[in-house]
Amino acid sequence: MSTIDSVLKETRLFPPSDDFRRRALVPSLDAYHALCEQADDHYLSFWGDLAREQISWKKPFSRVLDDSNAPFFKWFDDGLLNVSYNCLDRHLAQHGNKLAIIFEADDGAVTRVTYAELHRRVCQFANGLKAQGIKRGDRVVVYMPMSIEAVVAMQACARIGAIHSVVFGGFSAKSVQERIQDAGAVAVITANEGLRGGKSVPLKAVIDEALGLGGCESIQRVVVFQRTNGGASDWQEGRDIWWHKLTEGQPEQCEPEWMNAEDPLFILYTSGSTGKPKGIQHSTAGYLLGAINSFRMVFDYKPNDVFWCTADVGWITGHSYVCYGPLGNAATQVIFEGVPTYPDAHRFWQMIEKHKVTIFYTAPTAIRSLIKLGADFPNQHDLSSLRLLGTVGEPINPEAWIWYHEVVGKGRCPIVDTWWQTETGSVMIAPLPGAVATKPGSCTLPLPGVIADIVDESGAPVEPGKGGMLVIKKPFPSLVRTIWGDPERFKKTYFPEEFNGKYYLAGDSANRDEHGYFWIMGRIDDVLNVSGHRLGTMEIESALVANPLVAEAAVVGKPHEIKGEAVVAFVVLKGQRPTGEDAKKIADQLKSWVAHEIGKIAQPDDIRFGDNLPKTRSGKIMRRLLRAIARGEEITQDTSTLENPAILTQLQEGIR
Ligand code: WT7
């Protein structure tokens, strides 16, 4: 059986401090193991008890799991509930005056709303939507800037039982059109413009263009939040309505629509590696339980925390850890409209200081770009409010982890490296910070009730230290229910025949070390095959990032007559991009560095330098494009979803 070779050796271990441990929800490894055992031995009552404790039900469920039609699992099926009720109404008696959201706009203006105020706004907007004829089961596209209103829009949909499909505000008209069409949406909620980094982002104009492309005849209303004074030239009477007109005179109470546990809460499109985007469909109760429970456990949530997740609501992270997890727990959170480098690179640290953020959750790509700007910026701010840090979205290279730990966390704050996916809805593998000692680059151990494993093509577990495919062996509440409109693709993609349709296939490669810790090695599709050794991308990239000159790196394979594949590395240095003789010298230096760090086998044949790497709007490196460049092939893929399309030309020109 073919496994994947693990070549990275990382031995540093960071246990939580006694102080952290003492106050933690799960304060020891033994306590963590006890929870896992309880979940393993009594799987259904473990999840059933959590669902009863953490969710307020209108009508309780009588059965935890119905697996008679696997892999179309049903959880808590005959229960009735409303997600918005769980995020707002049930907190009002005790926490009505507690801050729900501290919103900081691009220009620094701060708006604060309490739970009572947020509840009022959601009810009024929900009533407004109903008055426009939007009802239970309708699909509503949300195309909004980061704002209190984005959360209000999502919560209002949940309140009336409409299914939201949030589309990230950076996506093109074509992407929006495809998503509207696939979902058969009846309405779009947008803003005239957004503001990011001092620049206006046309939102309404993109919607107008999308609707003009055809195929969007299902759309009856476009609701427009007025964020600025511009950007609403192409107004269509009868179709378009201002947010403030829609809510005008609407009652401040709105009876929630009582939903079945399995009714879809939302669809979120995720781009598959090929073909059209998949509408990941999440359920009402199972998803909510995943968001609420994981937020408590992974962030060791305390009522006086100030939580800040920097993800946009256009991604699953913004759904689970901006919109639903924090509100479901009555937490106080920061929401930020802008970008980390505007007006300058002080912004994140200034905000942490100003709002006394206690938990900070961001992506490795953001951390790497902040490292590139230097430690001077964070060092000029009082970051002592922080008690916990988190990362999500990609493997974090150990060197970036260490920087985050030392420079941002001052060595005091545990880092929760959280592995999960749009499809899993909530965090699956991450250290419970009071219980599990961390290792830089490892997402450590699964949450209690998550049965994760690493297997080969036959489904047999691989031995420690060997890489294989990451699977989850039992259904869990927050798992994707289906691909909107395409149940066959759902089955084929996530519960493939090779594992008898029994395991959820995540699509990532991973290995486990002698302590059972999980190390994500990259996407299975990106695995390289060099002289018969199968190598994940993560480890070679991390070796490169460990070199003091390097800020970011991405590796891909290109065909090689003898080795099968040769390693090609695309590298961004911390300083200037080198050219000519300089580039050659540094490339040679880095090649020997990799050979020395992890072995000759992983040494790149070719190293190219860029000012940046091609990334998706959510910050993931597009290795598919790099593969085409490394092979000198023409780029045929759609590059409109790239954060920085211009970088492709630069990298292509670098080819001699
Ligand atoms: C893919 C899922 C999860 C919300 C944001 C991304 C990669 C995610 C980690 C991590 C290593 C990670 C995986 C995964 N990934 N978190 N902590 N360590 N890799 O959601 O866009 O659905 O992407 O992101 O490859 O499969 P997504």
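Residues numbered from 1 in each chain as written. Predicted model: local features only at pLDDT ≥ 70, side-chain atom pairs only at ≥ 80, totals over all residues. Heavy atoms only, no water.

Engineer: Break down unusual backbone geometry for me, citing the residues and quoting the values.
Structural biologist: Cis rather than trans, the peptide bond between Ala70 and Pro71 has omega equal to 0°. By secondary structure assignment, the location of Pro71 is in the loop between strand E2 (65-66) and strand E3 (74-75). Residue Pro343 is bonded to the preceding Tyr342 through a cis peptide linkage, with omega at 0°. Of note in this structure, Phe76 is not a glycine but carries a positive phi near 55°. Among the structural elements, Phe76 can be located in the loop between E3 and strand E4 (80-81). Despite not being glycine, Ala330 shows a phi value in the positive range, around 60°. The topology assignment puts Ala330 in the loop between helix H12 (316-328) and strand E18 (332-336). (Helix = DSSP H or I, 4+ residues; strand = E, 2+ residues; numbered from the N terminus.)

Engineer: Tell me about the packing of aromatic side chains, and name the residues and values.
Structural biologist: Taken as a whole and judged by the stated rule, the model has 38 aromatic pairs. Look at Phe266 and Tyr287: their rings are 4.8 Å apart centre to centre, the planes differ by 90°, and that puts the pair in the edge-to-face class. A residue pair is termed long-range when its members are at least 10 positions apart, and Phe266 in strand E15 (residues 264-270) and Tyr287 in helix H11 (residues 285-298) qualify at 21 residues. The exposure class of Tyr287 is buried, given its relative accessible area of 0%. Taken together, Phe295, Phe299, Tyr301, Phe307, Tyr321, Tyr361 and Trp420 form an aromatic cluster joined through their ring pairs. The residue whose ring lies beneath Lys439 is Tyr517, and the NZ or CZ to ring-centre distance is 4.4 Å. Lying across the ring of Tyr43, Lys474 places its NZ or CZ 4.5 Å from the centre. (Phe/Tyr/Trp six-rings, centres within 6.5 Å; stacked < 30°, edge-to-face > 60°. Buried < 20%, exposed > 50% of the residue type's maximum accessible area, 1.4 Å probe, protein only. Lys NZ or Arg CZ within 6 Å of the ring centre and 35° of its normal.)

Engineer: Break down the pairing of strand E19 (residues 359-362) for me, with residues and values.
Structural biologist: Residues Ile359 and Tyr361 line one face of E19 and the alternating positions Phe360 and Thr362 line the opposite face, and both faces are buried. Relative to E19, strand E17 (residues 306-309) runs parallel, the two being bridged by 3 bridges. Within the sheet, the bridge partner assigned to Phe307 lies in E19 and is Ile359. Taken together, the 4 bridges between E19 and strand E20 (residues 388-392) define a ladder with parallel strand orientation. Within the sheet, the bridge partner assigned to Tyr361 lies in E20 and is Gly390. (Pairing = 2+ DSSP bridges.)

Engineer: Kindly report on the side chain of Gln250, identifying the contributing residues and their values.
Structural biologist: When you line up the elements, Gln250 lands in the loop between helix H10 (243-247) and strand E14 (259-260). Residue classification places Gln250 among the buried residues on the basis of a relative accessible area of 17%. With sequence-adjacent residues up to four places away left out, Gln250 is seen in contact with Gln124, Asn127, Gly128 and Ala131. (Contact = heavy atoms within 4.5 Å.)

Engineer: Would you mind going over the pattern of salt bridges in detail, with residue names and values included?
Structural biologist: As enumerated under the stated definition, the model contains 41 salt bridges in all. Glu178 is paired through a salt bridge with Lys174; the nearest N and O atoms lie 3.5 Å apart. Here Glu178 pairs with Lys174, and both are found in helix H8 (residues 173-183), just 4 residues apart, close to one helical turn. Owing to a relative accessible area of 32%, Glu178 belongs among the partly exposed residues under this scheme. For Asp240, the salt bridge identified is with Arg239, shortest N-O distance 2.6 Å. In terms of burial, Asp240 and Arg239 fall into one category: buried. Each of Glu117, Arg120, Arg121 and Glu149 takes part in a single network of salt bridges with overlapping partners. (Salt bridge = Lys/Arg side-chain N within 4 Å of Asp/Glu carboxyl O.)

Engineer: Account for the side chain of Asn293, with residues named and values stated.
Structural biologist: For Asn293, the position within the fold is in helix H11. What makes Asn293 buried here is its relative accessible area of 7%. The contacts of Asn293, once residues within four sequence positions are left out, are Trp47, Leu50 and Gln54.

Engineer: If you had to explain the packing of helix H14 (residues 364-373) against helix H16 (residues 398-408) to someone new, which residues and values would you point to?
Structural biologist: It is the contact of H14 with H16, at a shortest axis distance of 10 Å, that shows an interaxial angle of 70°. On the basis of their axis angle, the class for H14 and H16 is roughly perpendicular. For the pair formed by H14 and H16, the contact residues are Ile367, Arg368, Leu370 and Ile371 on the first element and Ala400, Trp403 and Tyr404 on the second. When the residues that make up the contact of H14 with H16 are grouped by side-chain class, the tally is 6 nonpolar, no polar and 1 charged. (Axes fitted to C-alpha atoms, helices over the stretch in contact; angles between N-to-C directions. Parallel < 35°, antiparallel > 145°, perpendicular 65-115°, else oblique. Nonpolar A, V, L, I, M, F, W, Y, C, P; charged D, E, K, R; others polar.)

Engineer: I'd like to hear about the nonpolar core, residue by residue, with values.
Structural biologist: Generally speaking, nonpolar side chains in soluble globular proteins are found buried as a group. Counting 150 residues, the largest nonpolar core has Phe76, Leu118, Phe125, Ile189, Phe299 and Tyr324 as the members making the most contacts within it. It is helix H7 (residues 148-160) that provides the largest number of residues to this core, a total of 10 residues. Ignoring sequence-local partners within four residues, the contact set of Tyr324 consists of Val83, Cys87, Met154, Gln155, Ala158, His164, Leu265, Phe266, Tyr287, Ala291 and His319. (Core = buried A, V, L, I, M, F, W, Y, C linked by side-chain atoms within 4.5 Å.)

Engineer: With reference to specific residues and values, describe the sheet that holds strand E7 (residues 139-143).
Structural biologist: A sheet is described by the order of its strands in space; here 8 strands give the open sequence E13-E12-E9-E7-E8-E15-E16-E24, paired in mixed fashion. Across the chains shown, the open sheet's two edge strands, defined by having one partner strand only, are strand E13 (240-242) and strand E24 (482-483). Alignment of E7 against strand E9 (residues 187-191), held across 4 bridges, turns out to be parallel. If you follow Tyr143 over to E9, its bridge partner there is Thr190.

Engineer: Outline the site of the ligand, supporting the account with residue identities and numerical values.
Structural biologist: Close to the ligand lie 16 residues; Asp417, Thr418, Gln421, Thr422 and Asp508 are nearest. The side chain of Thr422 places a nitrogen or oxygen atom 2.6 Å from an oxygen atom of the ligand. Protein burial of the ligand: of its 540 Å² of free accessible surface, 89% is covered by the chains. Contributions of two or more residues to the shell around the ligand are made by H12, strand E21 (415-418) and strand E26 (518-523). Tallied by class, residues from the shell around the ligand come to 6 nonpolar, 5 polar and 5 charged. (Near = heavy atom within 4 Å. Polar contact = N/O pair within 3.5 Å; in protein donor to acceptor, adjacent residues only side chain to side chain. Areas by Shrake-Rupley, 256 points an atom, 1.4 Å probe, with all protein chains shown as cover.)

Engineer: I'd love a proper account of the sheet that holds E20, names of residues and values included.
Structural biologist: With mixed pairing, 7 strands are arranged side by side in an open sheet as E6-E5-E18-E17-E19-E20-E21. In this open sheet, the two strands that pair with only one neighbour each are strand E6 (110-114) and E21. Across the sheet, the mean angle separating the axes of adjacent strands is 20° when strand polarity is ignored. One ladder, built from 3 bridges, connects E17 with E18; its direction is parallel. If you follow Phe307 over to E18, its bridge partner there is Gln333.

Engineer: Could you give an account of the layout of surface pockets, naming the residues involved and the relevant values?
Structural biologist: Considering only enclosed or pocket space, the second largest pocket measures out at about 470 Å³ in volume. Lining the second largest pocket are 25 residues, and of these Ser17, Asp19, Phe20, Arg387 and Arg412 sit closest to its centre. Among the elements that take part in the lining of the second largest pocket, helix H1 (residues 18-23) stands out by supplying 3 residues, more than any other. Class assignment of the residues belonging to the lining of the second largest pocket gives a composition of 11 nonpolar, 7 polar and 7 charged. (1 Å grid on protein atoms, 1.4 Å probe; cavity = no way out; pocket = protein on both sides within 12 Å on 5 of 7 lines; lining within 4 Å. Points joined across faces, edges and corners; volume = space filled by probe spheres on them.)

All we've got here are geometric facts, nothing functional implied.
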